[in-house]
Amino acid sequence: MSERLQMQGRRLELKNDLAGLRLKAEGLCTSIRRELNHVLTDVEEMNIALASEEMDSLITIHIDMLEAKTRIQRIDKELGLGK
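Residues numbered from 1 in each chain as written. Predicted model: local features only at pLDDT ≥ 70, side-chain atom pairs only at ≥ 80, totals over all residues. Heavy atoms only, no water.

K.L.:
A description of the overall build of the chain should follow, citing residues and the corresponding values.
P.N.:
Tallying secondary structure elements over the chain gives two helices and zero strands in all. Rg of the C-alpha trace for the chain: 18 Å, well past the compact-globule value of 12 Å for 83 residues, more than 25% over. Dimensions along the principal axes, computed over C-alpha positions, put the chain at roughly 60 × 25 × 15 Å. In the chain, which comprises 83 residues, the share counted as buried stands at 23%. Taking the contacts inside the chain whose residues are at least 6 apart along the sequence as the reference set, 69% of them involve residues at least 24 apart. As displayed, the chain has an accessible area near 6300 Å², and 54% of this comes from carbon and sulfur atoms. (Helix = DSSP H or I, 4+ residues; strand = E, 2+ residues; numbered from the N terminus. Rg over C-alpha atoms; globule rule 2.2 N^0.38 Å. Buried < 20%, exposed > 50% of the residue type's maximum accessible area, 1.4 Å probe, protein only. Contact = heavy atoms within 4.5 Å. Areas by Shrake-Rupley, 256 points an atom, 1.4 Å probe, with all protein chains shown as cover.)

K.L.:
Tell me about the environment of Met65, residues and numbers included.
P.N.:
Within the fold, Met65 resides in helix 2 (residues 48–79). With near-sequence residues (within four places) excluded, Met65 lies in contact with Leu18, Leu21, Arg22 and Ala25.

K.L.:
Before we move on, could you go through the nonpolar core and cite the residues and values that matter?
P.N.:
The tendency in soluble globular proteins is for nonpolar side chains to be buried as a group. Counting 13 residues, the largest nonpolar core has Leu18, Ala25, Leu58, Ile61 and Met65 as the members making the most contacts within it. Elements represented by at least two residues in this core include exactly helix 1 (3–35) and helix 2. It is helix 2 that contributes the most residues to this core, seven residues altogether. Every residue in contact with Ile61, bar those within four places of it in the chain, is listed here: Leu21, Lys24, Ala25 and Leu28. (Core = buried A, V, L, I, M, F, W, Y, C linked by side-chain atoms within 4.5 Å.)

K.L.:
I'd like a rundown of the environment of Asn37, residues and numbers included.
P.N.:
Its place among the elements puts Asn37 in the loop between helix 1 and helix 2. When the C-alpha atoms of Asn37 and Leu66 are compared, they prove to be 28 Å apart, with 29 residues separating the residues in sequence. A distance of 2.8 Å separates a polar side-chain atom of Asn37 from the backbone nitrogen of Val39. (Polar contact = N/O pair within 3.5 Å; in protein donor to acceptor, adjacent residues only side chain to side chain.)

K.L.:
Which residues make up the side chain of Asp76, and what are the values?
P.N.:
Inspection of the secondary structure assignment puts Asp76 in helix 2. Only 2.3 Å separates the side chain of Asp76 from the side chain of Arg11, close enough to count as a polar contact.

K.L.:
Requested: an account of the packing of helix 1 against helix 2, with residues and values cited.
P.N.:
Close contact between helix 1 and helix 2 brings their axes to 8 Å; oriented N to C, the two are set at 155°. Classified by the angle their axes make, helix 1 and helix 2 are roughly antiparallel. Once helix 1 is placed against helix 2, the crossing between them reads as left-handed. Of the residues in the contact of helix 1 with helix 2, the class split is 18 nonpolar, three polar and 13 charged. (Axes fitted to C-alpha atoms, helices over the stretch in contact; angles between N-to-C directions. Parallel < 35°, antiparallel > 145°, perpendicular 65-115°, else oblique. Left-handed = near helix turned anticlockwise from the far one by under 90°. Nonpolar A, V, L, I, M, F, W, Y, C, P; charged D, E, K, R; others polar.)

Here is the structure:
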């Protein structure tokens, strides 16, 4: 298999990974927003610990997304697909 085809395959894998990470991040954002909405939940009843754990997960996912984007950009440059 040629290097170009391998890079195209890797790019597709990274794009799929990125899409999955985006869905996870969006779900976490929704959950965090719901947990911290003072209109829905009294401040005294908020599960701040859960929201904090979800924020930690969101940070990790965000880093993973940035890494995937960087790899995609590097592959795009190699393939001559730069924007």
